[in-house]
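Working through the structure, step by step
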Amino acid sequence: MTEAGPQPATSAALWERDAEVVTLTRAVTELRHGTASTGRLLVFRGEAGLGKTALLAETRRRAEAAGCTVWSARAGETLRSVPFHVVRQLLQPALLSLLPEEARDYLGDWYDIAGPALGLTQPGPPPTDPQGVYDGLVELVRRLAARDHPLVLLVDDAHWADQETLRWLAAFAERLADLSVLVVVAHRPGEADEASAPYLTAVDDLAGDAVRGLTALSPAAVAELTRATLGERADDPFCREVWAVTGGNPYYTVELLAKVHDRALEPTESAAEELRTINKAAHDGGFVAHLEGLGIEATRFAWAAAILGTDIFVDHAAGMAGLGRAKAEQCVEVLRTARILTAPGPADDGDLVFVHPLIATAVYSNIPEFLRGAMHGVAAKVVLDAGRGIAAASRHLLEVHPEGDADLVEQLREAARAHLAVGAPDAARRCLERALAEPPAAGVHAQVLYELGCATLLTSPSQTVAHLRRALQLPGLEGDVRLDAVCRLSQAQMHNNELDEAVRTVRTEAARHEPGPARMRLTAVQFMWERLVLGEASAPGSSERLAELAATCTGRDNGERALLILRGFDATCRGENAEEIAELCDRALVNGGLAPGLDWTDTAWGIELPMMLASAYAYTDRLDRADSLFNGALRAYTSAGWSGGHLSLAHAYLGLGLRRRGRLREAETSLREALRLAERVGRGLPLYWSAICNLVDVLLARGHVDEAWRTATQYDFVAPSPSTIVLPDPRSVRGRLLLAVGRTTEGINELEEAEKAAAARGHLNPVMVPWALDLARALAVEDPTRAARLAADTRTRAERLGTDTAIGEALRCAATLETGQRAVRLAAQAVTYLESSPCQYEHAAARIEYGTLSRSTSELRRGLDLARACGADGLVREGEGALRALE
């Protein structure tokens with residue numbers, strides 16, 4: 001603290017904030033003059049009244065003086081349940097400056113995804129993916145920042161921000177590296193709710209050393225502030241008592257001194273004892289008495305303002321308080337004089353705001369409970385009458401006392417649908433949970449539980465299971481809705497690791513139906529879970545029953561098409577004839593593509609069926625069909641904004657298809673993106689394993705063994721793998737990795753575990769589950785008899801499958817186990833098959849191996865050309881070494 005005290009332009013709340021002011025000034029200067037190479041994040045953290053808002057106001061003042069664009073927003077304690085409220089407030093200046101067509105230009109493909117969350121456009125099908133909305137909002141601000149740079153974003157009271165805004169803020173803060181943006185956040189520690197706290201913690205972590213914790217004023221600073229307010233006649237004992245009473249809190253100090261000034265109290269030791277009485281009157285019960293002393297009409301107006309929270313318009317508060325306009329204006333003047341309400345700041349809408357959030361909290365918490373709920377009901381009507389929609393009104397509906405009101409239940413259900421439509425499932429969940437507390441009428445109860453289960457499907461499988469189980473036990477779900485509830489319940493059980501229960505759920509429901517479309521769908525879902533999860537060991541005879549049922553299907557509806565896809569995938573896993581598999585899969589298509597209702601964004605059947613169809617094509621050498629489907633998934637999820645788990649799987653399976661074709665560089669790029677997206681969803685899930693398993697497989701194919709090992713270690717590519725099917729087989733890939741890094745015994749053990757698991761599931765496709773070929777090569781020296789038997793069995797299975805790739809790979813392995821001319825002949829046969837295969841990596845490897853064995857430089861050069869085109873650096877090194885040896 002300097003002896004001179006603050007400059008005249010500096011707020012009293014900035015006393016002893018010199019270091020913070022220097023920090024924000026430097027950040028603004030660097031932003032304005034481009035001296036910083038990246039965007040910057042500052043966080044001011046401290047208890048209520050320590051001057052966080054004043055620091056943000058000073059940031060605004062200095063930034064605007066320096067020619068920066070400033071957007072600001074302030075969260076409110078009563079507004080936590082309003083999704084995207086703070087981010088909407090933050091972006092309003094930019095959005096209001098754009099015409100609709102300009103907004104669409106700036107947002108591009110994200111307009112229809114993020115636009116509804118911002119109120120720019122109405123939501124539409126397909127369903128909105130929450131992760132896509134956050135990504136869209138991040139991209140929107142990035143684009144607007146490029147237009148309005150240098151840009152300063154101010155977020156005050158972030159501890160009260162809605163969960164959706166904080167999730168966006170944490171994501172945006174990660175992307176500041178290449179933006180000309182300064183983000184300044186102020187919040188109180190420990191006051192974010194349980195759902196929001198992790199995102200606010202992430203923001204603090206990203207700020208690192210730029211988190212400034214604010215402390216109370218020192219006795220010396222309080223003394224200076226006291227004398228600056230009351231004059232130099234304030235003596236030392238009086239100043240020390242001011243500090244003792246307020247604890248050095250700047251806001252409490254300023255308020256206490258204002259009351260001392262209003263009372264014309266002499267600031268001397270003789271009056272010091274009165275300070276505690278004055279201070280008590282401003283807090284706890286004293287504040288209530290103070291407010292009531294302003295009159296019943298002013299009190300009711302203040303209550304109405306506290307219920308509204310923000311966007312306090314005089315007419316709205318007057319209507320809620322039962323006052324006319326003239327009387328309301330008088331109340332406003334009284335409350336302004338009493339330092340309770342004041343004019344709005346740059347971050348606020350409406351006619352009024354509370355002088356400080358502490359006052360708003362005190363007013364709201366002292367409204368009698370029975371009256372508070374009723375006033376929220378009136379506020380909901382005010383919001384709806386103002387045309388702001390059911391989603392905005394829902395925060396008030398949540399606070400109305402339960403009375404078995406059927407209309408309120410319907411309003412809450414409508415609000416939940418509105419929240420889901422803009423990508424806010426947690427807000428939808430809160431509305432539906434409140435509807436259950438009303439409670440709904442008997443015939444509606446099951447429907448609310450069903451809708452609640454749908455809202456929590458992606459975020460909490462365990463809650464979904466409980467809600468849907470209960471819904472199905474109650475009357476009210478019939479026809480297609482009940483059918484959908486059963487299928488969603490089984491899906492949630494599968495995600496919740498209740499694998500047997502998932503199958504039992506659909507099997508039991510199927511038994512209730514006569515033969516027809518409903519039973520066909522349930523049967524298809526049962527077989528799907530058995531194919532993906534349980535395997536033949538847990539569902540004996542399942543494959544035979546599926547084959548019998550699929551034999552009767554022509555593909556006339558989606559139930560039959562689903563069974564055909566399941567049968568084709570099962571036959572692929574079991575290594576049956578590829579021609580017959582392709583014929584089954586083709587019958588499931590409509591005009592060569594996915595049928596309506598079975599496409600990538602369809603929610604009735606889910607992502608599993610099209611993935612199984614594309615995988616069946618990929619492992620039977622129908623790579624053109626597989627590529628078309630995998631690319632279709634990527635387009636569908638990108639255009640729909642589904643940038644969470646669905647997009648991760650799309651990139652993973654696209655990478656799988658590229659790997660099968662031998663386009664290894666492109667495969668690696670796609671798989672790294674899949675892994676990045678999967679990390680956001682969470683480790684350990686099947687989609688995460690799809691990304692990491694395929695990436696390790698591609699890195700090994702490229703010959704980047706060290707990178708493959710680092711990646712596997714970094715991303716926990718270790719046992720146990722998921723019980724669901726992951727392609728390619730994780731144990732096979734892990735075994736190959738261990739062999740590649742010289743951990744031979746561990747590699748053999750892992751491949752033998754892959755052998756046991758494949759046998760238990762009946763998975764005999766030697767390309768999809770390729771443990772046998774690597775194990776045969778690994779055992780060639782220590783157990784040549786077993787190695788030869790494995791190679792022979794694999795060739796038999798390859799010939800049963802009948803693809804050029806499978807047979808060529810089996811012949812390649814057999815050649816490595818032989819010597820002399822027999823090895824050369826087998827290698828030549830492998831080349832013959834693989835040059836007809838669409839899998840160019842395997843073709844390149846076969847050429848190089850044949851060239852080496854036959855000492856043919858022309859074959860080596862052809863193999864090298866193929867290997868270079870694939871990006872198979874390891875094969876290139878091998879081929880170049882063999883070529884040098886021959887030359």
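Residues numbered from 1 in each chain as written. Predicted model: local features only at pLDDT ≥ 70, side-chain atom pairs only at ≥ 80, totals over all residues. Heavy atoms only, no water.

1. A closer look at the overall build of the protein
Quick reminder of the rule: Strands are runs of DSSP state E lasting at least 2 residues, helices are runs of H or I lasting at least 4, and numbering of each runs from the N terminus. Partly exposed residues are those whose accessible area sits between 20% and 50% of the maximum for their type, while under 20% is buried and over 50% is exposed, using a 1.4 Å probe and protein chains only. Residues count as neighbours in contact if any of their non-hydrogen atoms are within 4.5 Å of one another. In these tables, accessible area is a Shrake-Rupley quantity obtained with a 1.4 Å probe, and a residue counts as shielded only by the protein chains included in the view. Counted as positive: Lys and Arg. Counted as negative: Asp and Glu. His and the chain ends are not counted at all. Each charge is placed at NZ for Lys, CZ for Arg, CG for Asp and CD for Glu.
Looking only at helices and strands, the protein features 44 helices and seven strands. For the protein, the C-alpha atoms occupy an extent of roughly 110 × 70 × 50 Å along the three principal directions. Counting only residues that meet the buried cut, the protein has 56% of its 887 residues in that class. Of the contacts made within the protein by residues no fewer than 6 positions apart, 67% connect residues no fewer than 24 positions apart. When the accessible surface of the protein is summed, it comes to about 35,800 Å², and 50% of that surface belongs to carbon and sulfur atoms. A gap of 4 Å separates the mean positions of the 93 positive and 120 negative side-chain charges of the protein.

2. Focus: helix 31 (residues 623-640)
The criterion, for reference: Multiply 1.5 Å by the residue count of a helix minus one, and that product is the helix's expected span.
Relative to the 26 Å expected for 18 residues at 1.5 Å per residue, helix 31 spans 25 Å between its end C-alpha atoms, a close match to the ideal helical length. Buried residues of helix 31: Leu623, Ala626, Asp627, Leu629, Phe630, Gly632, Ala633, Leu634, Ala636, Tyr637 and Ala640, and no others. Lining the buried residues of helix 31 we find helix 5 (111-118), helix 30 (608-618) and helix 32 (645-661). Following helix 31 by one or two positions, Gly641 adopts a phi angle in the positive range, close to 75°.

3. Looking at the sheet that holds strand 5 (residues 211-213)
The strands making up a sheet associate through backbone hydrogen bonding, with each pair oriented either parallel or antiparallel. To keep it simple, the criterion reads: By definition, two strands form a pair when at least two bridges between them are found by DSSP. Every axis corresponds to a line fitted to the C-alpha atoms, with the helix fit spanning only the stretch in contact, and the corresponding angles, defined between N-to-C directions, vary from 0 to 180 degrees.
Sheet architecture is open: five strands sit in the order 2-3-4-1-5, paired in parallel fashion. Because the sheet does not close on itself, it has two edges, and the strands there are strand 2 (69-74) and strand 5. Each neighbouring strand pair of the sheet contributes to a mean axis angle of 15°, computed without reference to strand direction. Packing against the sheet, helix 3 (residues 85-96) makes contact with strand 2 and strand 3 (151-156), and its axis sits at approximately 155° to strand 2.

4. Regarding the nonpolar core
For the record, the criterion: In this text, buried Ala, Val, Leu, Ile, Met, Phe, Trp, Tyr and Cys residues form a nonpolar core when linked through side-chain atoms within 4.5 Å.
In this structure, Leu609, Val696 and Trp771 are the most contacted members of the largest nonpolar core, which totals 159 residues. If you tally residues by element for this core, the top one is helix 34 (residues 686-702), at 11 residues. If we skip the residues at most four places from it in the chain, Trp771 touches Ser732, Leu751, Ala754, Glu755, Ala758, Leu790 and Arg797.

5. Brief notes about the confidence of the model for the protein
Note the threshold: The quantity called pLDDT is the predictor's confidence in a given residue, expressed from 0 to 100.
The predicted model of the protein has a mean per-residue pLDDT of 90, with 96% of residues at 70 or higher. Confidence drops under pLDDT 50 across residues 1-10; counting only partners more than four residues distant or on other chains, this segment forms 12 contacts.

6. A look at the pairing of strand 1 (residues 40-45)
Sheet topology places strand 1 next to strand 4 (residues 181-187); six bridges connect them, and they run parallel. Note that in strand 4 the partner of Phe44 across the bridge is Ala186. Of the pairings in the sheet, the one linking strand 1 to strand 5 comprises three bridges and is parallel in character. Across the sheet, residue Arg45 finds its bridge partner in strand 5, namely Gly213.

7. Looking at unusual backbone geometry
Residue Pro150 is bonded to the preceding His149 through a cis peptide linkage, with omega at -10°. With respect to the element layout, Pro150 can be found in the loop between helix 6 (130-148) and strand 3. Here the bond from Glu438 into Pro439 is cis, since omega is -10°, no more than 30 degrees from zero. In this structure, Asp157 is a non-glycine residue whose phi angle is positive, near 55°.

8. Brief notes about the pattern of salt bridges
Here is the rule: A carboxyl oxygen of Asp or Glu within 4 Å of a side-chain nitrogen of Lys or Arg is what we treat as a salt bridge.
Here the structure, examined in full by the defined rule, presents 69 salt bridges. One salt bridge in this structure joins Glu433 and Arg429, with 3.1 Å as the shortest N-O distance. Of this pair, Glu433 and Arg429 both sit in helix 21 (residues 425-437), four residues apart, roughly one helical turn. In this structure Arg429 comes out as buried when scored by relative accessible area, which is 18%. A salt bridge links Arg625 to Asp586, with the shortest nitrogen-to-oxygen separation between them at 2.6 Å.

9. A few points about the packing of helix 1 (residues 18-33) against helix 2 (residues 52-65)
What counts, and what does not: Left-handed is the label given to a crossing in which the near helix is rotated counterclockwise from the far helix by less than a right angle, and right-handed is the label when the rotation is clockwise. Each residue is assigned to one of three groups, with Ala, Val, Leu, Ile, Met, Phe, Trp, Tyr, Cys and Pro labelled nonpolar, Asp, Glu, Lys and Arg labelled charged, and all others, Gly among them, labelled polar.
Two numbers describe how helix 1 lies on helix 2: the axes approach to 10 Å, and their chain directions differ by 35°. As for how helix 1 packs across helix 2, the hand of that crossing is right-handed. Along the contact surface, helix 1 presents Glu20, Val21, Leu24, Thr25 and Val28, while helix 2 presents Leu55, Glu58, Thr59, Arg62 and Ala63. Taken together, the residues of the contact of helix 1 with helix 2 sort by class into five nonpolar, two polar and three charged.

10. Focus: the environment of Arg822
Mapped onto the elements, Arg822 comes out in helix 41 (residues 820-834). Taking relative accessible area as the criterion, Arg822 reaches 42% and is therefore assigned partly exposed. Separated by 746 residues in the primary sequence, Arg822 and Gly76 have C-alpha atoms spaced 80 Å apart.

11. Brief notes about the environment of Val696
Position of Val696 among the secondary structure elements: in helix 34. For Val696 and Ser462, which are 234 residues apart along the polypeptide, the C-alpha to C-alpha distance reads 32 Å. Residues in contact with Val696, not counting those within four places in the same chain, are Ala708, Ala712, Phe717, Val733 and Leu737.

12. Focus: the side chain of His763
Tracing the backbone through its elements, the reader meets His763 in the loop between helix 37 (744-761) and helix 38 (771-778). A relative accessible area of 11% means that His763 is categorised as buried. Setting aside its immediate chain neighbours within four residues, His763 contacts Cys573, Ile725, Ala758 and Val769.

13. A short note on the packing of aromatic side chains
Quick reminder of the rule: Here a Phe, Tyr or Trp ring, Trp counted by its six-membered ring, pairs with any other such ring whose centre lies within 6.5 Å, and the pair is stacked when the planes are under 30 degrees apart, edge-to-face when over 60, and tilted otherwise. The criterion for a charge sitting over a ring is simple: Lys NZ or Arg CZ within 6 Å of the ring centre, and within 35 degrees of the ring normal.
What the rule picks out here adds up to seven aromatic pairs. The interplanar angle of 70° and the centroid separation of 6.3 Å between the aromatic rings of Trp600 and Tyr637 together place this pair among those described as edge-to-face. With a gap of 37 residues between them, Trp600 in the loop between helix 29 (578-587) and helix 30 and Tyr637 in helix 31 connect regions that are remote in the sequence. Ring centres 5.6 Å apart and planes at 15° place the aromatic pair Tyr637 and Trp642 in the stacked group. In textbook terms, an aromatic cluster arises when at least three aromatic residues are bridged by ring pairs, as seen for Trp600, Tyr637 and Trp642. Over the ring of Tyr364 we find Arg372; its NZ or CZ atom is 5.0 Å from the centre of that ring. A cation over a ring is seen here: Arg521 above Trp605, with NZ or CZ 5.5 Å from the ring centre.

14. Structural notes on helix 8 (residues 197-207)
Residues separated by three or four positions in an α-helix point in the same direction, a consequence of the helix having 3.6 residues per turn. Convention followed: Note that the arc is computed from the directions linking the helix axis to the C-beta atoms.
All buried positions along helix 8 are accounted for by Leu200, Val203, Asp204 and Ala207. Buried residues of helix 8 fall within an arc of 95° about the axis and therefore sit on the same side. In this structure, the buried side of helix 8 is in contact with strand 1, helix 7 (163-173), strand 4 and strand 5. Among the residues trailing helix 8, Gly208 stands out with phi positive, at a value near 60°.

15. Considerations on the side chain of Thr523
With respect to the helices, strands and loops of the structure, Thr523 is situated in helix 26 (residues 517-538). Setting aside its immediate chain neighbours within four residues, Thr523 contacts Ala510 and Leu549.

16. A short note on the environment of Leu225
With respect to the helices, strands and loops of the structure, Leu225 is situated in helix 9 (residues 219-230). In sequence terms Leu225 and Leu257 are 32 residues apart; their C-alpha atoms lie 9.0 Å from each other.

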